[in-house]
Amino acid sequence: MTSPELTQEQQDKLDAAAFRRLLAHLDNRKDVQNIELMILAGFCRNCFSKWYKAAADDLGVELTDDQARERIYGMPYSEWKEKHQQPATEEQMAAFNALQKK
């Protein structure tokens, strides 16, 4: 069975829905630290906010780094860090640093 051809509008709607679902998933998994995401997936919430800001820049939409972070984190970044960010363990830092050398 062949997939139907999507219009650009349909693709944009699907992309937006998947994006919102990913944000909701990350919001529901505040226990997963950014360092863990970096080790396992090669990106974290901060990376995601930078991509969001870059997309805004590409479209000529004025958006600050802080606004992009708030969209991704669902709250001001400083508040998220205070409530949810844990210090990285020695093991996490060793794994992260090993990946950086590759």
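Cut-offs applied
- Residues numbered from 1 in each chain as written.
- Predicted model: local features only at pLDDT ≥ 70, side-chain atom pairs only at ≥ 80, totals over all residues.
- Heavy atoms only, no water.
- Salt bridge = Lys/Arg side-chain N within 4 Å of Asp/Glu carboxyl O.
- Helix = DSSP H or I, 4+ residues; strand = E, 2+ residues; numbered from the N terminus.
- Axes fitted to C-alpha atoms, helices over the stretch in contact; angles between N-to-C directions.
- Parallel < 35°, antiparallel > 145°, perpendicular 65-115°, else oblique.
- Left-handed = near helix turned anticlockwise from the far one by under 90°.
- Contact = heavy atoms within 4.5 Å.
- Nonpolar A, V, L, I, M, F, W, Y, C, P; charged D, E, K, R; others polar.

1. Looking at the pattern of salt bridges
Moving on, step 1. Counted under the stated rule, the structure contains six salt bridges.
Moving on, step 2. Put simply, Lys-30 and Asp-27 hold a salt bridge, and the shortest N to O gap is 2.8 Å.
Moving on, step 3. The partner of Asp-57 in a salt bridge is Lys-53, and the shortest N-O contact between them spans 2.7 Å. Taken together, the residues span about one helical turn, with Asp-57 and Lys-53 both in helix H3 (residues 45-59) at a distance of four residues.

2. So, the environment of Trp-51
Moving on, step 1. Residue placement: Trp-51 occurs in helix H3.
Moving on, step 2. C-alpha separation for the pair Trp-51 and Ala-68, spaced 17 residues apart in sequence, amounts to 8.9 Å.

3. A look at the packing of helix H1 (residues 8-28) against H3
Moving on, step 1. At their nearest, the axes of H1 and H3 sit 12 Å apart, and the two run at 150° to each other. With respect to H3, the element H1 is oriented roughly antiparallel. Judged by the twist between their axes, the crossing of H1 over H3 is left-handed. When H1 is examined against H3, the residues Phe-19, Leu-22, Leu-23 and Leu-26 are found in contact with a partner set consisting of Arg-45, Phe-48 and Tyr-52.
Moving on, step 2. Among the residues making up the contact of H1 with H3, the classes are represented as six nonpolar, no polar and one charged.

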